[in-house]
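Observations on the model geometry
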Amino acid sequence: MKEQLEAIRALALSAISGAETGSALEAVRVQYLGKKGELTAVLKQMGSLTPQERPVMGQLANEVRSAVETALEAQAARLAEKALAEKLAGETLDVTIPGKKCQVGHKHPMYTVLDEIKEIFINMGFEIMDGPEIEQADYNFTKLNAPENHPSRDWTDTFYLTEDSSILLRSQTSPMQIRAMETYGVPIRMISPGRVYRKDEVDATHSPMFHQIEGLVVDKGITMADLKGTLNAVIREIYGPNTVTRFRPHHFPFTEPSCEVDIQCHKCGGAGCPTCKGEGWIEVLGAGMVHPKVLRGCGIDPEVYSGFAFGMGLERLAMGQFKISDLRLIFENDARFLEQF
Ligand code: PHE
C-alpha cells in the first residue's frame, strides 16, 4: 500500500504541474481526490491492514492528500496569475501612438456674417430674439396690417400648411415685431434673425428658403432720424466707413413712412457695372416707421410711443461680403466651397 500511495503522490504531482488550464486541473483533482478517485480507492483497502500498519498508512495517506491539495492550490494560483498577465498584455495601451485626427466642423460663411451683425447690434444695446418658422397668418400678415387681398397672401407666393390659410411657413421675419411687442412691451430694441420661406424658383439670386434679420426699436420720441442714424451706423460697420447710402421711398403695409436703403456700388463707385447691374446702387434693406395701427394692435399707444423697423436679407449680405456670385453655393454644402472661408 505504501508503494501505491507513493505512486499516487508522484503521478498526481506531475499531472498537476502539467495541467495548463482550469478544467485540466479540475480533472486531475477528480481523478485522484474525487469520491471515485485513486486515493479514495486505496483508503478503502485500509480495513485489510494489521492494527500496527493502519496508523502508519493512515498518516502517509494524509500526507499524500495534503501534498496533492497544496499542489492543486499552487497550480490554480499560478494559472490565475498567468491568465491575468495575458489579459494585461493584451490590453496594453501605447500612449505614444499618434491619436486619430477628428474632423472638426467648419463655420458656414453666412453664420460668420450673421455673428458679425449680431455683435454690431449687441454693442448698440439690442437684444437677439428667436421665433417660430411655422407661423400664424395673423402674425405674418394681419397684425402687420397686410390687407386681406394683399398679393403676398396668395397661395402662389406663400407656403400654407392648412386649407384655411391660417398657418404657414413665415414669408418674412416681420411677425417677430409683433411677438416682441406682445411679449415684452415697450421700450424695445431687438433683432431677430431666422429662416423665411417663399414659393420662388431656385436660381442664382432666389431660393424658396432664405434668411432675414428683422429689427425693431420702439420707445418714446423715436423718429426717422433715429432710423437713418442707426441704419447708417450699421451699414458703415458692415461695408466700411465711407459707404454712401440712399434712402428711397417705398411701401410696406406695417411701416409708414417706408423706405428701401441702397448703398452706392463699392465696385464702380456709382457709375454702373455688372455687380450693381448698371444701377450704381445696391439695395440692402427695407425699413420704415412702425405703423400706428400695428402699435395699437399690440396694445401700445402711438400717441406716446413710436418706433422703426427694418429687415435685411442675410444671404445677400454674405454674398456681398465674400464675393459669392451664386446663391445656390450657400445652400449646397459643398465642402470645397465652404472650406474657402
Ligand atoms: N419684411 C419686409 C420684407 O420682407 C422687410 C421689412 C422689414 C420692411 C421691416 C420694413 C420693416 O420685404
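Use the structure listed above.
A brief structural summary. (Residues numbered from 1 in each chain as written. Predicted model: local features only at pLDDT ≥ 70, side-chain atom pairs only at ≥ 80, totals over all residues. Heavy atoms only, no water.)

Contact geometry of helix α5 (residues 109-123) with helix α8 (residues 224-239) gives a least axis separation of 11 Å together with a crossing angle of 140 degrees. With respect to each other, α5 and α8 are oriented oblique. Viewed along their axes, α5 and α8 form a crossing whose handedness is right-handed. Listed contacts from α8 to Ile117, Ile120 and Phe121 of α5 are Val234, Glu237 and Ile238. Considering only residue class, the contact of α5 with α8 consists of 5 nonpolar, no polar and 1 charged. (Axes fitted to C-alpha atoms, helices over the stretch in contact; angles between N-to-C directions. Helix = DSSP H or I, 4+ residues; strand = E, 2+ residues; numbered from the N terminus. Parallel < 35°, antiparallel > 145°, perpendicular 65-115°, else oblique. Left-handed = near helix turned anticlockwise from the far one by under 90°. Contact = heavy atoms within 4.5 Å. Nonpolar A, V, L, I, M, F, W, Y, C, P; charged D, E, K, R; others polar.)

A separate point is the packing of helix α1 (residues 2-18) against helix α4 (residues 53-90). Two elements in contact, α1 and α4, have axes whose closest approach is 10 Å; the angle formed by their N-to-C orientations is 0 degrees. Considered as vectors, α1 and α4 are oriented roughly parallel to each other. Contact residues: Lys2, Leu5, Glu6, Ile8, Arg9, Ala12, Leu13, Ile16 and Ser17 in α1; Met57, Leu60, Ala61, Glu63, Val64, Ala67, Val68, Ala71, Leu72, Gln75 and Arg78 in α4.

Right, let's talk about the site of the ligand for a bit. Looking at the ligand, there are 13 residues lining it, with Gln172, Ser174, Arg198, Gln212 and Glu214 nearest. In the model, a nitrogen atom of the ligand is placed 2.8 Å from a nitrogen or oxygen of the Gln172 side chain. Side-chain polar atom of Arg198 to an oxygen atom of the ligand: 3.0 Å apart, as the coordinates give it. Here the ligand has 330 Å² of accessible area as a free molecule, and 89% of this is covered by the chains. Among the elements that line the shell around the ligand, the one with the most residues is strand β9 (residues 306-313), at 3 residues. Class assignment for the residues of the shell around the ligand results in 5 nonpolar, 6 polar and 2 charged. (Near = heavy atom within 4 Å. Polar contact = N/O pair within 3.5 Å; in protein donor to acceptor, adjacent residues only side chain to side chain. Areas by Shrake-Rupley, 256 points an atom, 1.4 Å probe, with all protein chains shown as cover.)

The terminal C-alpha atoms of α4, which comprises 38 residues, lie 55 Å apart, in line with the 56 Å expected from a rise of 1.5 Å per residue. Looking only at α4, the buried set comprises Met57, Gly58, Leu60, Ala61, Val64, Val68, Ala71, Leu72, Gln75 and Leu79. Of the surrounding elements, those touching the buried residues of α4 are α1, α2 (22-33) and α3 (38-43). (Expected span 1.5 Å × (residues − 1). Buried < 20%, exposed > 50% of the residue type's maximum accessible area, 1.4 Å probe, protein only.)

Aromatic rings considered in pairs are described by the distance between their centres and by the relative angle of their planes. Taken as a whole and assessed by the stated rule, the structure comprises 7 aromatic pairs. Aromatic side chains Phe121 and Phe126 sit 4.9 Å apart centroid to centroid with 65 degrees between the ring planes, which places their arrangement in the edge-to-face category. Exposure remark for Phe121: the relative accessible area of 0% places this residue in the buried category. Ring geometry for Phe322 and Phe341: centres 4.9 Å apart, planes at 55 degrees, overall tilted. With Phe322 in helix α10 (residues 314-322) and Phe341 in the segment after α12 (335-338), this pair connects stretches of sequence that are 19 residues apart. Taken together, the ring pairs in this structure connect Phe121, Phe126, Phe308 and Phe310 into an aromatic cluster. The residue whose ring lies beneath Arg179 is Tyr139, and the NZ or CZ to ring-centre distance is 4.1 Å. The lysine or arginine in question, Lys228, covers the ring of Phe247, its NZ or CZ lying 5.0 Å from the ring centre. (Phe/Tyr/Trp six-rings, centres within 6.5 Å; stacked < 30°, edge-to-face > 60°. Lys NZ or Arg CZ within 6 Å of the ring centre and 35° of its normal.)

Its 16 residues give α8 an end-to-end C-alpha distance of 22 Å, which sits within 8% of 22 Å, the value for a rise of 1.5 Å per residue. Within α8 the residues assigned to the buried category are Leu227, Thr230, Leu231, Asn232, Val234, Ile235 and Ile238. Two to three positions downstream of the cap, the backbone nitrogen of Ala225 sits 3.1 Å from a side-chain oxygen, assigning the N-cap of α8 to Thr223. Of the residues trailing α8, Gly240 is marked for its positive phi of about 110 degrees.

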